[in-house]
Amino acid sequence: MTFFRVENLAIHFGGVKAVDGVTFEIARGEVFTIIGPNGAGKTTIFNLISRIYDSTEGTITFRDQDITRAAPHRIAGLGIARTFQNIELFETATVLQNLLIGRHAHSRSNVFSEALFLPSVRRAEFAHREKVEEVIDFLNLAHYRDQMIMNLPYGVRKVVELARALCTEPELLLLDEPSSGLNVEETQDVSFWIEDIKKDLGITVLMVEHDMGLVNEVSDRVLVLNYGRVLAEGSPQDVQRDPEVIRAYLGG
Amino acid sequence: MRFIFKTDYHQDIRLAPHSGHVFWYGLLLALVIAAPFALDEYYVGQLTQVGIMAIAGVGLMVLTGYTGLVSLGHAAFFGVGAYAEAVLLGLGVPFFVTMPAAAVSAAAVGIIVGIPALRLAGIYLAIATFAFALIVEEIMGRWESVTNGYTGLLVPSIDIGDFSLSSGLPFYFLTMAILVLVILLVLNLLRAPTGRAMVAIRDSEISAQSMGVNLAVVKTTAFAVSAGITGLAGALFAHKLGFLSPESFTILQSIELLVLVIVGGIGSLHGAVFGAIFVLALPQALAIMKDHLPPAIGEQPGFEPLIFGLILIFFILFEPFGIYGRWLKVKLYFQLFPLYKKATFKRQKSYMKSERLR
Ligand SMILES: Nc1ncnc2c1ncn2[C@@H]1O[C@H](COP(=O)(O)OP(=O)(O)OP(=O)(O)O)[C@@H](O)[C@H]1O
Ligand SMILES: [Mg+2]
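About the cut-offs
- Residues numbered from 1 in each chain as written.
- Chains lettered and ligands numbered in written order.
- Predicted model: local features only at pLDDT ≥ 70, side-chain atom pairs only at ≥ 80, totals over all residues.
- Heavy atoms only, no water.
- Domains from an automatic or database assignment.
- Contact = heavy atoms within 4.5 Å.
- Buried area = accessible area lost by both parts, 1.4 Å probe.
- Salt bridge = Lys/Arg side-chain N within 4 Å of Asp/Glu carboxyl O.
- Polar contact = N/O pair within 3.5 Å; in protein donor to acceptor, adjacent residues only side chain to side chain.
- Helix = DSSP H or I, 4+ residues; strand = E, 2+ residues; numbered from the N terminus.
- Nonpolar A, V, L, I, M, F, W, Y, C, P; charged D, E, K, R; others polar.
- Donors = N, O, S within 2.8 Å, 3.2 Å for Na, K, Ca; no water.
- Buried < 20%, exposed > 50% of the residue type's maximum accessible area, 1.4 Å probe, protein only.
- Near = heavy atom within 4 Å.
- Areas by Shrake-Rupley, 256 points an atom, 1.4 Å probe, with all protein chains shown as cover.
- Axes fitted to C-alpha atoms, helices over the stretch in contact; angles between N-to-C directions.
- Parallel < 35°, antiparallel > 145°, perpendicular 65-115°, else oblique.
- Left-handed = near helix turned anticlockwise from the far one by under 90°.
- 1 Å grid on protein atoms, 1.4 Å probe; cavity = no way out; pocket = protein on both sides within 12 Å on 5 of 7 lines; lining within 4 Å.
- Points joined across faces, edges and corners; volume = space filled by probe spheres on them.

(A) Representation of the domain arrangement of chain A. All names here are of chain A. Each assigned domain of chain A is listed here: domain 1 (1-79 + 170-252) and domain 2 (93-168). On a C-alpha basis, the centres of domain 1 and domain 2 stand 26 Å from each other. Contacts between the two partners involve 16 residues from domain 1, matched on the other side by eleven residues from domain 2. The contact between domain 1 and domain 2 buries some 1,100 Å² in all, and 76% of this surface belongs to carbon and sulfur atoms. By the criterion of area lost to domain 2, the three top residues of domain 1 are Ala76, Pro170 and Trp193, representing 42% of everything that side buries. Applying the counting rule to domain 1 against domain 2 returns zero salt bridges. Applying the counting criterion to the domain 1 and domain 2 interface returns two residue pairs in polar contact (both at pLDDT 80 or more). Within the residue set of the side of domain 1 that touches domain 2, elements represented by two or more residues are α2 (74-78), β7 (172-176) and α7 (184-199). Of all the elements, α7 adds the most residues to the side of domain 1 that touches domain 2, at four residues. Of the residues that constitute the side of domain 1 that touches domain 2, the class distribution is ten nonpolar, three polar and three charged.

As structure tokens, this is what we get:
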């Protein structure tokens, strides 16, 4: 069975080939990291997977299912969750409400039963709340539960966004630069959490990251992207020894 | 200051999270019930009008305040509800059928507007809904076989024997009962997945979508619910007017509704009620003020719309959370008494400033 595979994926914005024939495969349970210089097309790959963009070419397969043209709102329900490079939280809502939205893909009620708040809706709300509390415990967010996002510091927001993604109960988690803007200690936390997410929750992680310390600590395999093309793929150590990669990073 | 200890999940789901709420809303309800017996007929009529506007305001709040979609065409839904009520009553349909039918027809029209509006946001959506309202106004004027055009349509009263439900005290209670019912239904919706999805769309469409929110479905739902509630208010308004003509449902009324939600406090149901009181009290206050102003100012044509406009701009610039937001600040001030910091609300404000009407 193919857990996750991207084949010959490409997207062009006018003349810009942001992603240009990228192929890779992720096995269940791995932490797979994409690195590359600014503008290499990393975030664009995430946007293609979460179906915000339509690919020009290529296919995306998740658990043997072709999701290249799946509707964007179906992705979460299929088991792929993500975070955003520039945090996209619901600013005027509390942490709890943000996490409850993470449960949206699992809700089955309709407007009419909700307007009357029928017992079935109440039961579902309880089940969602229980799941959310598990995630709050897991990421130590209890202290912030009832605070508005706009009143939270940057580091906490990043954790809330991770928590919201976990609330969807994903099988594949996409993290776009989980450590950007964080200090050394917070980055260390992120590293522990990724380990726990992989080991305790059994979630496969696809990550984009610039901090090579973090990349080396948590990644099983690394893919290097440059100008939308794959430059190298392998273990973190192998990749960093690759002469092509060194050239791309140092220029020349 | 009060600390609320939570011991189970019910506390976050309940409509009245603590006993203080039960007490104050209970008192408010008692006042609403007692008020008409203490006031004379004129004021009962005014309060009824506040109730009707508040229902319409709750309707627009669902769309603009919670889902973040600005509508400049809500007078159209108001009008559809009013005409549906008058026409159906005229056909002899009983009122407990006509009112829901008025809401449903307005909701259906809401869906028809909502679908093409899915691709629009911000000012473009405002323009599209504005254009739509003009079309509806035109239809009301031209579809003479049903609406009687500009000649106007008499609204049959609701009589049960000798007892008239569509005027005086009974109409006041009918209106308030519907207002309470509508508020409860919307509160339920807001604590359930659809309501959360609406707020999510308002704050970030992209991440709402990534969490599994079907933008098309939720936006269309918001349009339908909003239009339906406003249509219901329209049905009540028909009785208040007694006589319908397309001129009762113009762009000015759409703007008045938008002023209502913005001045009252965007994104809160309290705001809808405060806003309704405001838009009805202001013209009266102005009328009184006029007598004391030099005629050169007071007698100027367009004096009233000018003040309306100034107040709207003032609120958008300085009080983006409206009257309700100001009330929360005053409350917080007393709760924290010696500790209140000016900056407590600053961050929210700068956020609203940049992101408003997105
Ligand atoms: N919607 C778009 N329209 C036009 N060009 C785009 C669009 N999205 C991305 N691009 C272009 O695609 C290229 C890759 O962008 P992308 O955001 O994927 O880079 P990245 O690898 O994530 O970089 P960074 O490390 O800075 O986050 C850039 O040249 C960018 O300008
Ligand atoms: Mg990026």
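(B) How the structure looks around the coordination of the magnesium ion (ligand 2). Residues and elements named next belong to chain A. Around the magnesium ion (ligand 2), the protein contributes the donor atoms Thr43 (OG1) and Gln85 (OE1), which lie 1.9 to 2.1 Å from the metal centre. Note that Thr43 is positioned in helix α1 (residues 42-49) and Gln85 in the loop between β6 (80-82) and α3 (95-101), a separation of 42 residues in sequence. By relative accessible area, which is 25% here, Thr43 ends up partly exposed. By relative accessible area, which is 27% here, Gln85 ends up partly exposed.

(C) Layout of unusual backbone geometry. Residues and elements named next belong to chain A. Positive phi values are uncommon outside glycine, yet Arg63 reaches one of about 50°. On the basis of relative accessibility, which here comes to 36%, the residue Arg63 falls in the partly exposed class. Even without a glycine there, the phi angle at Glu169 is positive, about 55°. Following the sequence through the fold, Glu169 ends up in the loop between α6 (154-167) and β7.

(D) Geometry of the site of ligand 1. Residues and elements named next belong to chain A. As a structural note, the neighbourhood of ligand 1 is formed by 13 residues, with Gly39, Lys42, Thr43, Thr44 and Gln85 the closest of them. Side-chain polar atom of His210 to an oxygen atom of ligand 1: 3.0 Å apart, as the coordinates give it. When ligand 1 is considered free in solution it has 640 Å² of accessible area, and contact with the protein chains removes 64% of it. Broken down by element, the shell around ligand 1 gets its largest block of residues, three residues, from α1. Considering only residue class, the shell around ligand 1 consists of four nonpolar, seven polar and two charged.

(E) Structural detail: the packing of helix α12 (residues 251-264) of chain B against helix α13 (residues 269-292) of chain B. All names here are of chain B. At a minimum axis distance of 7 Å, the contact between α12 and α13 shows a crossing angle of 120°. In terms of orientation, α12 and α13 fall into the oblique class. The chirality of how α12 crosses α13 is right-handed. Mapping the contact onto sequence places Glu256, Val259, Leu260, Val263 and Gly264 in α12 and Gly271, Ala272, Phe274, Gly275, Ala276, Phe278 and Val279 in α13. Residues belonging to the contact of α12 with α13 are distributed by class as follows: eight nonpolar, three polar and one charged.

(F) The arrangement of the layout of surface pockets in detail. The calculated volume of the second largest pocket comes to roughly 760 Å³. Lining the second largest pocket are 23 residues, and of these Phe112 of chain A together with Ala103, Leu185, Gly228 and Ile229 of chain B sit closest to its centre. Mapped by element, the contributors of at least two residues to the lining of the second largest pocket are α4 (111-115) of chain A together with α5 (95-117), α8 (168-190) and α11 (215-241) of chain B. Top contributing element to the lining of the second largest pocket by residue count: α5 of chain B, with seven residues. Class assignment of the residues belonging to the lining of the second largest pocket gives a composition of 21 nonpolar, two polar and no charged.

(G) Quick peek at the interface of chain B and chain A. Listed as interface residues are 33 residues of chain B and, on the opposing side, 38 residues of chain A. A combined buried area of about 3,500 Å² lies between chain B and chain A, and 64% of that area is made up of carbon and sulfur atoms. Summed over the shared surface of chain B and chain A, the number is one salt bridge. A salt bridge links Arg196 of chain B to Glu125 of chain A, with the nearest nitrogen and oxygen atoms 3.0 Å apart. Counting across the interface, chain B meets chain A through nine residue pairs in polar contact (both at pLDDT 80 or more). Counting only elements with at least two residues in the side of chain B that touches chain A, the list comes to α1 (10-13), α8, α9 (193-203), α10 (205-210), α11 and α17 (346-355) of chain B. Sorting elements by how many residues they give to the side of chain B that touches chain A places α9 of chain B first, with eight residues. Taken together, the residues of the side of chain B that touches chain A break down into 15 nonpolar, eleven polar and seven charged.

(H) Quick look at the environment of Thr220 of chain B. All names here are of chain B. If you trace the backbone, Thr220 turns up in helix α11. Taking C-alpha positions, Thr220 is 37 Å from Phe23, a pair spaced 197 residues apart along the chain. Once residues lying within four places of it in the same chain are set aside, the contact partners of Thr220 are Ile111, Ile115 and Leu118. A distance of 2.5 Å separates a polar side-chain atom of Thr220 from the backbone oxygen of Ala216.

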